[in-house]
Number of protein chains: 2
Amino acid sequence: MTIEAVVFDVNETLSDMTALASRFAEAGQPPEMLDTWFAGVLRDGFGLAAAGDFRTFGQIAAGNLRGTLSAEQIDHVLAGFRDLEAHPDVPEGLRLLRDAGYRLITLTNGAAAMSEPMFARAGVLELLESRLSVEDVATWKPAPASYQHAADACGLPLDRMALVAVHPWDVHGAQRVGMCGVWVNRQGAVYPDYLPAPDAVVTDLRELAAVMA
Amino acid sequence: MTIEAVVFDVNETLSDMTALASRFAEAGQPPEMLDTWFAGVLRDGFGLAAAGDFRTFGQIAAGNLRGTLSAEQIDHVLAGFRDLEAHPDVPEGLRLLRDAGYRLITLTNGAAAMSEPMFARAGVLELLESRLSVEDVATWKPAPASYQHAADACGLPLDRMALVAVHPWDVHGAQRVGMCGVWVNRQGAVYPDYLPAPDAVVTDLRELAAVMA
């Protein structure tokens, strides 16, 4: 099986989301609220996908803060996405993969435009062949149609593509449709024992490039 | 449209899960970990459903604690489910609904046996015609097949049934397949503005019985 294109998840996989914690603190909330809120946003996005329905990340992200934060505070928290920085290993990792001949794509459950400033600041915007969002097909990852969207955009069969993510649910969803699933484990986490093993595990994108070169 | 059967979600809708927070504290974790963990369990169960796959609540619940808690601590936290009590409004609410002629069913993403001690202690076990789990059909709520399982068990079309839950994702999933969706809002929460309104909103099961009588 020859991999020709590498599809990257964006939130947390390429971006360092921890900076959002301070925005919750500025809104008078405990910084740990970031984790609870983000898990709830994914829960509700996946729930809609399981039910055969769809709303945008922005709709769900804001909706899950109402009742706790004011409209101004919600805007402040969500505006933080545009200020996130790429993990330090991302620029070199992407460049090495591109130099090795791989086509590089991003596929996010969020809005594609949201991460454009981050990619520009990291100097990797021109390395990315396309930056896709599940909004184009109105179904969140890990539903099969979301990965098929990336295959269609690349004109490749799914088994010629790898999906790279820090989230086990994303690795698993990609493997279910025949992609190569790569788990990025920067923090020494434990992969869920109830899922099949990833096809590869790397600590960061530099190691990914070394493995795939 | 005449409702003949009322299907209740179990975790948090009938059971008071807040008692689990002390089990996290006993395991040396902040009690707020309950919310983050439970959101993550639902996220991963829904993710599997969206991907067309299935694992049990027990598998995912334990898996999401590995790496943070020891095996003994995980057992201690999960054993807490058997000690949960029903919300104070549950016994009277169920009895009034049963007296009004409704068939009463539970449908949980967990294991049906897990909540049997709670229903027995609350004196409502004999009011429940059947206690169903999504494990029987290997797909979590809010996927359509989970609700269809309840309809099949009752021998009723979905539009003769109401789904009662504290979780908007459950109310929405039920409405998507044609059930009457009732949101129980004991805590003055805000219903997500990105979902269609529930068919009814009640503060507890006594009010539900009054509305449906």
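Residues numbered from 1 in each chain as written. Chains lettered and ligands numbered in written order. Predicted model: local features only at pLDDT ≥ 70, side-chain atom pairs only at ≥ 80, totals over all residues.

Chemist: How would you summarise the overall build of chain A if you had to cite specific residues and measurements?
Modeler: For chain A, the count of helices and strands is nine helices and six strands. Against the globule reference of 17 Å for 213 residues, chain A gives a C-alpha radius of gyration of 17 Å, in line with a compact fold. Overall, the C-alpha framework of chain A stretches about 50 × 35 × 30 Å when taken along its three principal axes. By the burial criterion, 48% of the 213 residues in chain A qualify as buried. (Helix = DSSP H or I, 4+ residues; strand = E, 2+ residues; numbered from the N terminus. Rg over C-alpha atoms; globule rule 2.2 N^0.38 Å. Buried ≥ 20, exposed ≤ 12 C-beta atoms within 10 Å, placed from the backbone.)

Chemist: Residues and numbers for the sheet that holds strand E1 (residues 5-8) of chain B, please.
Modeler: All names here are of chain B. Taken in spatial order, the six strands of this open sheet run E3-E2-E1-E4-E5-E6, and their pairing is parallel. The open sheet terminates on both sides in strands that have one partner only, identified here as strand E3 (130-133) and strand E6 (200-202). For this sheet the average axis-to-axis angle between neighbouring strands, irrespective of direction, equals 25 degrees. Lying over the sheet, helix H9 (residues 205-212) contacts strand E4 (161-165), strand E5 (180-184) and E6, oriented at roughly 135 degrees with respect to E6. (Pairing = 2+ DSSP bridges. Axes fitted to C-alpha atoms, helices over the stretch in contact; angles between N-to-C directions. Contact = placed C-beta atoms within 7 Å.)

Chemist: Mind laying out the domain arrangement of chain A, listing which residues take part and the relevant values?
Modeler: Residues and elements named next belong to chain A. For chain A, the assigned domains read domain 1 (5-16 + 84-212) and domain 2 (17-82). One C-alpha centre belongs to domain 1, the other to domain 2; they are set 22 Å apart. Contact with domain 1, which involves 15 residues of that partner, is made by 13 residues of domain 2. Grouping the amino acids of the side of domain 1 that touches domain 2 by side-chain chemistry returns seven nonpolar, five polar and three charged. (Domains from an automatic or database assignment. Nonpolar A, V, L, I, M, F, W, Y, C, P; charged D, E, K, R; others polar.)

Chemist: Outline the packing of helix H2 (residues 33-50) of chain A against helix H2 (residues 33-50) of chain B, supporting the account with residue identities and numerical values.
Modeler: Viewed as axis vectors pointing N to C, H2(A) and H2(B) meet at an angle of 25 degrees, and their least axial separation amounts to 8 Å. Overall, the two elements H2(A) and H2(B) adopt an arrangement that is roughly parallel. Crossing geometry of H2(A) relative to H2(B) is assigned as left-handed. Residues A:Asp35, A:Thr36, A:Ala39, A:Gly40, A:Leu42, A:Arg43, A:Phe46, A:Gly47, A:Ala49 and A:Ala50 of H2(A) form the contact with H2(B), whose own contacting residues are B:Asp35, B:Thr36, B:Ala39, B:Gly40, B:Leu42, B:Arg43, B:Phe46, B:Gly47, B:Ala49 and B:Ala50. The residue makeup of the contact of H2(A) with H2(B), split by class, is ten nonpolar, six polar and four charged. (Parallel < 35°, antiparallel > 145°, perpendicular 65-115°, else oblique. Left-handed = near helix turned anticlockwise from the far one by under 90°.)

Chemist: So what's going on with the environment of B:Ala153? Residues and values would help.
Modeler: Position of B:Ala153 among the secondary structure elements: in helix H7 (residues 144-154). For B:Ala153, a count of 17 C-beta atoms within 10 Å gives the class partly exposed.

Chemist: Help me get a handle on helix H7 (residues 144-154) of chain A, residues and values and all.
Modeler: All names here are of chain A. Restricting attention to buried positions, one finds in H7 the residues Ser-146, Tyr-147, His-149, Ala-150 and Ala-151. Packing partners of the buried residues in H7 comprise strand E1 (5-8), strand E2 (103-108), strand E3 (130-133), strand E4 (161-165) and helix H8 (168-176). Gly-155 sits one or two positions beyond H7 and adopts a positive phi of about 65 degrees.

Chemist: Could you give an account of the packing of helix H5 (residues 90-99) of chain A against helix H9 (residues 205-212) of chain A, naming the residues involved and the relevant values?
Modeler: Residues and elements named next belong to chain A. For the pair H5 and H9, interaxial distance at closest approach is 7 Å and the crossing angle is 15 degrees. Classed by the angle they form, the pair H5 and H9 counts as roughly parallel. Crossing hand, H5 versus H9: left-handed. Here Val-90, Glu-92, Gly-93, Leu-94, Leu-96 and Leu-97 of H5 come into contact with H9, specifically with Leu-205, Arg-206, Leu-208, Ala-209 and Met-212. For the contact of H5 with H9, the class distribution of residues is eight nonpolar, one polar and two charged.

Chemist: So what about the interface of chain A and chain B? Which residues, and what values?
Modeler: Taken together, the contact between chain A and chain B spans 34 residues of the former and 34 residues of the latter. The set of elements that each furnish at least two residues to the side of chain A that touches chain B consists of H2, helix H3 (57-63) and H8 of chain A. The greatest single-element share of the side of chain A that touches chain B, amounting to eleven residues, is contributed by H2(A). Residues that form the side of chain A that touches chain B fall into these classes: 16 nonpolar, nine polar and nine charged.

Chemist: Please give an account of the nonpolar core that cites residues and values.
Modeler: In terms of nonpolar packing, the biggest core is built from 48 residues, with A:Phe46, A:Ala49, A:Ala50, B:Phe46, B:Ala49 and B:Ala50 touching the most fellow members. Residue assignment for this core shows that the elements contributing at least two residues are helix H1 (20-26), H2 and H3 of chain A together with helix H1 (20-26), H2 and helix H3 (57-63) of chain B. Judged by nonpolar contacts, the second largest core, of 42 residues, contains B:Tyr102, B:Ile105, B:Ala162 and B:Val164. (Core = buried A, V, L, I, M, F, W, Y, C linked by C-beta atoms within 7 Å.)

Chemist: Explain the sheet that holds E1(A) residue by residue, including any values.
Modeler: Residue and element names in this part refer to chain A. With respect to topology, six strands assemble into an open sheet ordered E3-E2-E1-E4-E5-E6, the strand pairing being parallel. Of all the strands in the sheet, the pair left with one neighbour each is E3 and strand E6 (200-202). Strand-to-strand, the axes of this sheet are offset by a mean angle of 25 degrees, without reference to chain direction. In the sheet, E1 pairs with E2 via four bridges, with the strands oriented parallel. Bridge pairing in E2 places Val-6 opposite Leu-104.

Chemist: Give a description of the relation of the copies chain A and chain B that names residues and reports values.
Modeler: Mapping chain A onto chain B is achieved by rotating through 180 degrees and translating by 0.0 Å along the same axis, at an RMSD of 0.0 Å. Both copies of the chain, as the preceding transformation shows, are related through a two-fold rotation axis. Same-surface contact between copies: 100% of interface residues of chain A are shared with the interface of chain B. (Least-squares fit on C-alpha atoms with pLDDT ≥ 70 in both.)

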